[in-house]
Amino acid sequence: MTVSVLDLGDDENRFSPDWLQRVHSFLDDIEGALVTTGGGKFYSNGLDLEWLTAHGDQAAGYVAEVQELFARVLTLPVPTVAAINGHAFGAGAMLAMAHDFRVMRGDRGYFCFPEADINIPFTPGMAALIQGKLTPSAAIASMTTGRRFGGSEAAEIGLVDEVAAEGEVVKVAHERAQALAGKDRGTLGAIKATMFAPAVAALRAG
């Protein structure tokens, strides 16, 4: 079965409206399995704060679009693996968390929810997404501290499933996805929709 690799970009890969649309368009054609990764030092730095500052009147709609992407990835009816090539911050880390599995580079890059340090509380949907994937202790350690976790530290508390060497992150993620490709889409989609129903409801509530 096919494993589709989505390159999020080679800059900070922030969630501009155009970026969001491109990602949705790519997801429309996914069949076997999905791997996402970045091309530079970032997996994703999350929300496009520059765009938000310039379009404050559209903030609610923008956040709803971001949360719809999380809900879609969370319930995508194919196996999904985030190949975290570098920094994953804020909403970028949440996007990785929405995948079934995460493989992170071991020697460079941080996985971080900085909300406690930048005075931006989690929305109910974002909190539900993270808490739906982590143990309570890992959620507290990552959500309330703003701590930057390197790959090995992230794996220790369950933020990511595996670490890999530089240049091997996508390969390892691809192998993990390939091993799972071919599951029945209807069955897998239904399982995920049931598993993550509270998070999806909270994400789509606005």
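Procedures and definitions
Residues numbered from 1 in each chain as written. Predicted model: local features only at pLDDT ≥ 70, side-chain atom pairs only at ≥ 80, totals over all residues. Heavy atoms only, no water. Helix = DSSP H or I, 4+ residues; strand = E, 2+ residues; numbered from the N terminus. Expected span 1.5 Å × (residues − 1). Buried < 20%, exposed > 50% of the residue type's maximum accessible area, 1.4 Å probe, protein only. Arc of directions from axis to C-beta. Contact = heavy atoms within 4.5 Å. Phe/Tyr/Trp six-rings, centres within 6.5 Å; stacked < 30°, edge-to-face > 60°. Salt bridge = Lys/Arg side-chain N within 4 Å of Asp/Glu carboxyl O. Pairing = 2+ DSSP bridges. Axes fitted to C-alpha atoms, helices over the stretch in contact; angles between N-to-C directions. Polar contact = N/O pair within 3.5 Å; in protein donor to acceptor, adjacent residues only side chain to side chain.

A. Spotlight on helix 9 (residues 169-180). Between its terminal C-alpha atoms helix 9 stretches 17 Å, which fits the 16 Å expected from twelve residues at 1.5 Å a residue. Buried residues of helix 9: Val-169, Val-172, Ala-173 and Ala-177, and no others. Looking straight down helix 9, one finds its buried side chains confined to an arc of 130°; they lie on one side. Looking at the buried residues of helix 9, the elements they touch are strand 1 (3-7), strand 2 (33-37), strand 4 (80-84), strand 6 (101-105) and strand 8 (162-164). Of the residues one or two after helix 9, Gly-182 is the one with positive phi, at around 105°.

B. Summary view of the environment of Ala-82. By secondary structure assignment, the location of Ala-82 is in strand 4. Residue class for Ala-82 comes out buried when judged on its relative accessible area of 0%. C-alpha of Ala-82 to C-alpha of Gly-46: the two residues are 36 residues apart in sequence and 14 Å apart in space. In this structure, Ala-82 is in contact with Thr-36, Tyr-43, Ala-96, His-99, Phe-101, Arg-102 and Val-103, ignoring residues within four places of it in sequence.

C. Quick look at the packing of aromatic side chains. Going through the model one piece at a time under the given rule, you end up with five aromatic pairs. A ring pair is formed by Phe-15 and Phe-70, whose centres lie 6.3 Å apart and whose planes are at 70°; its orientation type is edge-to-face. Separated by 55 residues along the polypeptide, Phe-15 in the loop between strand 1 and helix 1 (17-27) and Phe-70 in helix 3 (residues 59-74) bring together distant segments of the chain. Phe-70 carries the same exposure label as Phe-15, and that label is buried.

D. Highlighting unusual backbone geometry. The phi dihedral of Asn-13 falls on the positive side, at around 55°, and the residue is not glycine. Looking at where Asn-13 falls in the secondary structure, it is placed in the loop between strand 1 and helix 1. For Asn-13, a relative accessible area of 1% corresponds to the buried category.

E. Spatial organisation of the pattern of salt bridges. A complete count under the given rule lists eleven salt bridges for this structure. One salt bridge connects Lys-192 with Asp-100, and the closest N-O pair in it is separated by 2.9 Å. Of the two residues, Lys-192 is situated in helix 10 (residues 185-195) and Asp-100 in the loop between helix 4 (91-98) and strand 6; the sequence distance between them amounts to 92 residues. Side by side, Lys-192 and Asp-100 carry an identical accessibility label, which is buried. Between Arg-147 and Glu-153 there is a salt bridge; the shortest N-O distance is 3.3 Å. On the basis of relative accessible area, Glu-153 is assigned to the partly exposed category, the value being 32%. Each of Arg-105, Asp-107 and Glu-166 takes part in one network of salt bridges that share partners.

F. Local environment of the sheet that holds strand 6. Spatial strand order, 1-2-4-6-8: five strands in an open sheet with parallel pairing. The open sheet has two edge strands, strand 1 and strand 8, and neither has a second partner. The sheet shows a mean angle of 20° between the axes of neighbouring strands, direction not considered. Inspection of the sheet shows strand 4 paired to strand 6 by four bridges, in the parallel sense. Bridged to Ala-82 within strand 6 is Arg-102. Each of strand 1 and strand 2 touches helix 1; the most contacted strand, strand 1, lies at about 175° to it.

G. A look at the side chain of Ser-4. Inspection of the secondary structure assignment puts Ser-4 in strand 1. A residue is classified by how much of its surface remains accessible, and Ser-4, at 16% relative accessible area, is buried. When sequence neighbours within four positions are dropped, the list of residues in contact with Ser-4 reads Phe-26, Ile-30, Ala-33, Leu-34 and Val-35.

H. Structural context of the environment of Tyr-62. Inspection of the secondary structure assignment puts Tyr-62 in helix 3. Distance in space between the C-alpha atoms of Tyr-62 and Gly-39 is 25 Å, their sequence separation being 23 residues. Those residues within four positions of Tyr-62 in sequence are excluded, and the remaining contacts are Phe-15, Pro-17, Leu-20, Leu-47, Asp-48, Trp-51 and Leu-52. A polar atom in the side chain of Tyr-62 sits 2.9 Å from the backbone nitrogen of Asp-48.

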